[in-house]
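Coordinate inspection notes
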Amino acid sequence: MDVLMDGIVFGESPRWRDGQLWFSDWGAGRVFSVAADGTPRVEAEVASFPMCIDLLPDGRLLVVSSANSQLLRREPDGSLVPHADLAPVSTKPWNDIVVDGRGNAYVNNIGFDFPGEQFAPGIVVLVTDDGKVTPVADGLAFPNGMAITADGSTLIVAESYAEQLTAYDIADDGTLSDRRVWATTPGEHPDGICLDATGAVWLADVGNQHCVRVREGGEVLATVELDRGAFACVLSRGADPKLFVVGQDWGGPDAVGGATGQVVAFPAPAPGAGHP
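Here's a quick rundown of the structure. Chains are numbered independently. Their residues run from 1 in the order of the written sequence. Owing to the predicted nature of the model, reporting of local features is limited to residues with pLDDT of at least 70; listing and counting of side-chain atom pairs is limited to 80 or more, with chain, interface and lining totals taken over all residues. The side-chain values count all of the structure's non-hydrogen atoms but skip hydrogen atoms and water molecules.

Some details on the overall build of the chain
Condition: Note on conventions: DSSP H or I runs of at least 4 residues are helices, E runs of at least 2 residues are strands, and numbering of each starts at the N terminus. A radius of gyration in this sense is built from C-alpha atoms; the matching globule rule multiplies 2.2 Å by the number of residues raised to 0.38. For each residue, the accessible area found with a 1.4 Å probe, counting protein chains only, is set against the maximum for its type, and the residue is called buried under 20%, exposed over 50%, and partly exposed in between. Contacts are assigned to residue pairs with any non-hydrogen atoms lying within 4.5 Å of each other. Note that accessible areas follow from Shrake-Rupley with a 1.4 Å probe, and for residues the cover is restricted to the protein chains shown. Two residue types count as positive, namely Lys and Arg, and two as negative, namely Asp and Glu; His and chain ends fall outside the count. A single reference atom marks each charge: NZ on Lys, CZ on Arg, CG on Asp, CD on Glu.
Looking only at helices and strands, one finds 0 helices and 24 strands in the chain. By the compact-globule yardstick of 19 Å for 276 residues, the chain fits well, its C-alpha radius of gyration being 17 Å. Its C-alpha atoms give the chain principal-axis dimensions of roughly 45 × 40 × 40 Å. Across the 276 residues that make up the chain, the buried fraction comes to 57%. The contacts in the chain between residues at least 6 apart in sequence include a share of 44% that link residues at least 24 apart. Accessible surface computed for the chain: about 10,800 Å², of which carbon and sulfur atoms make up 48%. Put simply, the chain has 17 plus and 38 minus side-chain charges, and the middle of one group is 4 Å from the middle of the other.

Some details on the environment of A239
One can find A239 in the loop between β22 (229-235) and β23 (242-248). With relative accessibility at 73%, the residue A239 sits in the exposed group. Along the primary structure A239 and P271 are separated by 32 residues, whereas in three dimensions their C-alpha atoms are 7.5 Å apart.

Describing a nonpolar patch on the surface
Put simply, the test is: Residues form patches when they are more than 30% accessible in relative terms and have no salt bridge. Like charges link within 9 Å. Nonpolar side chains (Val, Leu, Ile, Met, Phe, Trp, Tyr) link within 5 Å. The term salt bridge refers to a side-chain nitrogen of Lys or Arg lying within 4 Å of a carboxyl oxygen of Asp or Glu.
Nonpolar side chains collect at one region of the surface, where F49, F114, F119, Y161 and W250 lie side by side and expose about 480 Å² of accessible area between them. The topology assignment puts Y161 in the loop between β15 (154-159) and β16 (164-170).

Examining the sheet that holds β16
Cut-off, in case you're wondering: Pairing between strands is defined by DSSP: at least two bridges between the two strands are required. What counts as an axis is a line fitted to C-alpha atoms, over the stretch in contact for a helix, and the angles between N-to-C directions run from 0 to 180 degrees.
Ordered by their spatial adjacency, 4 strands build an open sheet running β14-β15-β16-β17, and the pairing between neighbours is antiparallel. Two strands bound the open sheet, and with one partner strand each, they are β14 (143-148) and β17 (176-184). This sheet shows a mean twist of 25° between the axes of neighbouring strands, independent of strand direction. As paired elements, β16 and β17 share 6 bridges and run antiparallel to each other. Opposite I170, over in β17, you have L176 as the bridge partner.

A short note on the side chain of D96
Note the cut-off: Within 3.5 Å is the distance limit for a polar contact, defined as a pair of N or O atoms, with the added protein rule that one can donate a hydrogen and the other accept it, and that residues adjacent in sequence qualify only through two side-chain atoms.
Following the sequence through the fold, D96 ends up in strand β10 (residues 94-99). Classification of D96 by relative accessible area gives buried; the value is 8%. Among the polar contacts made by the side chain of D96, one reaches the main-chain amide nitrogen of M146 at a distance of 3.2 Å. Among residues more than four places away in sequence, those in contact with D96 are S13, R15, C52, Y106, V107, N108, N144, G145 and M146.

Here's the deal with the environment of D173
Turning to its location among the elements, D173 is positioned in the loop between β16 and β17. Along the primary structure D173 and R60 are separated by 113 residues, whereas in three dimensions their C-alpha atoms are 22 Å apart. Polar side-chain contacts of D173 include one of 2.6 Å to the side chain of T175.

What about the environment of D249?
Inspection of the secondary structure assignment puts D249 in the loop between β23 and β24 (261-267). In sequence terms D249 and P88 are 161 residues apart; their C-alpha atoms lie 34 Å from each other. Contacts of D249, omitting those with residues within four sequence positions, involve D227, R228 and T260.

Dropping the structure here:
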């Protein structure tokens, strides 16, 4: 394991784009890109917790600003503008986002105020490039990380409370159908996820302090261990693939602080594929 960057307050939502790693630091309210030598660059500042990110096909950044139930877009001049208003659907915490090759964004909502409120099932919405927001999936047990296969045909959602990965077919209009269990993950509470070129999924698990590589059906192929909670992961593309993991000590939302977060890298058996 190599440490690429440390001193992060609460890292999440790693993304790989054009040979570079991106991630959001929820605790610091910043989005970073990271050069190959580990030098960070602040790409945006948004005071929100959660604050997940992804990038549109043309390279513009999308930021889930859960604090005001908005999806923001960074323009080429660096300004942040509203991309979609999520509040009419729900004011509960909005969480992860994944963008497909057509510019459709899928954003999930956990369904209840974590951790103080009683559990309620979460949803996924489709946000098209014109800012229209349409609920496309419901009944999810704490939806977390999401990934889209390379051919754009399947969305996979991590259900942390159900200990499983759930898949949907993606229609031409972006709507979802044929809900099914892609893999059961007993004892694991999948958080952030990513796909590799063989079709396997890497999932991060906070409590178990590791990332696990599983194939469809649930067979475990590999595990990498951390010394702190693993929140999310992403794979590089091309030769010499790396699995990048964001992790930190975790004592609950009220205990965030101390800048225990790191971005670390492990050698990976296959490069990333699909989205993110």
